[in-house]
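Chain residues, written in single-letter form:
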Amino acid sequence: MDQIFNFFGVNETVNSAILANYETTWATSTSSSTNNGIITVYGDDMLVVDKSYIDNSTKHTTTVYYNYGNISSDPSNNPYRVTAASFQSIYVSIYTENAYTWSWDEDAMADDEVSTTLIYGNTNTDLNINYILGTSKKDSRYNATGLVYNTSAGTGAYEDSIELDSTASPQATLTTNVNGLAEYFDVTIANDGTITFDPVSQDSNPMGDVPSTLTINCVDSYGHSVVITLPITVTQRL
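Residues numbered from 1 in each chain as written. Predicted model: local features only at pLDDT ≥ 70, side-chain atom pairs only at ≥ 80, totals over all residues. Heavy atoms only, no water.

S.K.: Lay out the pattern of salt bridges in plain terms, naming residues and giving numbers.
M.R.: Inspection of every chain in the model, using the stated rule, returns 1 salt bridge. Here Arg81 ties to Glu23 by a salt bridge, and the two come within 2.7 Å at their closest N and O atoms. Here Arg81 is found in strand β4 (residues 81-90), whereas its partner Glu23 is found in strand β1 (residues 22-26), with 58 residues between them in sequence. Accessibility expressed as a relative area gives 37% for Arg81, which makes it partly exposed. For Glu23, a relative accessible area of 9% gives the class buried. (Salt bridge = Lys/Arg side-chain N within 4 Å of Asp/Glu carboxyl O. Helix = DSSP H or I, 4+ residues; strand = E, 2+ residues; numbered from the N terminus. Buried < 20%, exposed > 50% of the residue type's maximum accessible area, 1.4 Å probe, protein only.)

This is the structure:
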């Protein structure tokens, strides 16, 4: 909770007893019938909500109270709580378009002498999803390089919070920025992350560079679609 609130400047180390008196309620956040689905978090304890409520849209009434304890002379008013704040909260994935961006890790690619330029008509397997750099607009702690394909062999930089969408068909495409058509290459992604670009044709050699977009369909750990788009250039075969 200390990532969300500063509890009005309370120092946790010095005033841990005061901090514990804060109670934050989150409406419709658990499927449990207890307390009508309300979760109460005390002090800076962790909020854990049911996965189904992380939908990037539903508003949940959130209220912060300060509990003064049994200070009232009227027992029916005890414990005596005062509302400190009330607002609406939305549980979102960190991979929403407004919070997260994707790019090529140019430093890593330069070290490996890998380019995002594809020669028309030539099969290319140089690129890998491990060269994808994710950047959070909210907190750099969520930045990571290497969108590692989620296999039973282990986890990657994203700790299974995002993976390629196995149900998407196609899973990845390369389209030109001119007409949005996938006219130069078909795209497949192997279990080791290798991105293979196979020529669609040998008969439409462009006269110059063609700015294009690689689209990769992924899914986050809550089941939300995450679409990654990255720049690619298709160049003329000489």
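S.K.: Summarise the side chain of Thr176; cite the residues concerned and give the values.
M.R.: One can find Thr176 in strand β10 (residues 172-176). Assessed through its relative accessible area of 4%, Thr176 is described here as buried. The contacts of Thr176, once residues within four sequence positions are left out, are Leu181, Glu183, Tyr184, Val210, Pro211 and Ser212. (Contact = heavy atoms within 4.5 Å.)

S.K.: I'd like a description of unusual backbone geometry, backed by residues and values.
M.R.: Here Asn78 and Pro79 are connected by a cis peptide whose omega angle stands at -5°. Looking at the element boundaries, Pro79 is found in the loop between β3 (59-67) and β4. The residue Asn36 is not glycine, and still its phi comes out positive at about 55°. Here Asn36 shows up in the loop between β1 and β2 (39-42). Its identity is not glycine, yet Glu113 carries a phi of approximately 55°, on the positive side.

S.K.: Could you give an account of the sheet that holds β1, naming the residues involved and the relevant values?
M.R.: With antiparallel pairing, 4 strands are arranged side by side in an open sheet as β2-β1-β3-β4. Edge positions in the sheet fall to β2 and β4, since each of these pairs with one other strand and no more. Within this sheet the neighbouring strands show an average axis-to-axis angle of 20°, counted without direction. Both β1 and β2 contribute to a ladder of 4 bridges, which runs antiparallel. Note that in β2 the partner of Thr25 across the bridge is Thr40. (Pairing = 2+ DSSP bridges. Axes fitted to C-alpha atoms, helices over the stretch in contact; angles between N-to-C directions.)

S.K.: Could you give an account of the sheet that holds strand β7 (residues 132-136), naming the residues involved and the relevant values?
M.R.: Read across the sheet, 3 strands follow the order β5-β7-β8 without closing on themselves; strand pairing throughout is antiparallel. In this open sheet, the two strands that pair with only one neighbour each are β5 (100-104) and β8 (144-145). Here 5 bridges tie β5 to β7, and the two strands are oriented antiparallel to one another. In the strand pairing of β7, Ser103 is matched with Leu133.

S.K.: Would you mind going over the nonpolar core in detail, with residue names and values included?
M.R.: Of all hydrophobic cores here, the largest spans 31 residues; its most connected members are Trp102, Trp104, Leu174, Ile195, Phe197, Leu214 and Ile216. Secondary structure elements with two or more residues in this core: β5, β9 (162-164), β10, β11 (185-189), β12 (195-199), β13 (210-220) and β14 (225-235). Per-element accounting of this core gives the leading share, 5 residues, to β14. Setting aside residues no more than four positions away along its own chain, Leu214 makes contact with Trp104, Thr173, Leu174, Val187, Ile195, Phe197, Ile228, Thr229, Leu230 and Ile232. Counting residues in each nonpolar core, the second largest holds 7 residues, with Ile39, Val49, Ile54 and Tyr91 among its members. (Core = buried A, V, L, I, M, F, W, Y, C linked by side-chain atoms within 4.5 Å.)

S.K.: Please set out the packing of aromatic side chains residue by residue, giving values where relevant.
M.R.: This structure, assessed with the given rule, holds 9 aromatic pairs. Both rings, one in Tyr22 and one in Tyr66, keep their centres 5.0 Å apart while their planes meet at 75°; by these two values the pair is edge-to-face. Of this pair, Tyr22 sits in strand β1 while Tyr66 sits in strand β3, placing them 44 residues apart in sequence. Here Tyr22 and Tyr66 have matching classes, each one buried. Judged by centre distance (5.0 Å) and plane angle (80°), the rings of Tyr95 and Tyr100 are edge-to-face. Of the residues examined, Tyr95 reaches a relative accessible area of 8% and is grouped as buried. Owing to a relative accessible area of 3%, Tyr100 belongs among the buried residues under this scheme. Grouping aromatic residues by their ring pairs yields a cluster made of Tyr22, Tyr66, Tyr68 and Tyr80. (Phe/Tyr/Trp six-rings, centres within 6.5 Å; stacked < 30°, edge-to-face > 60°.)

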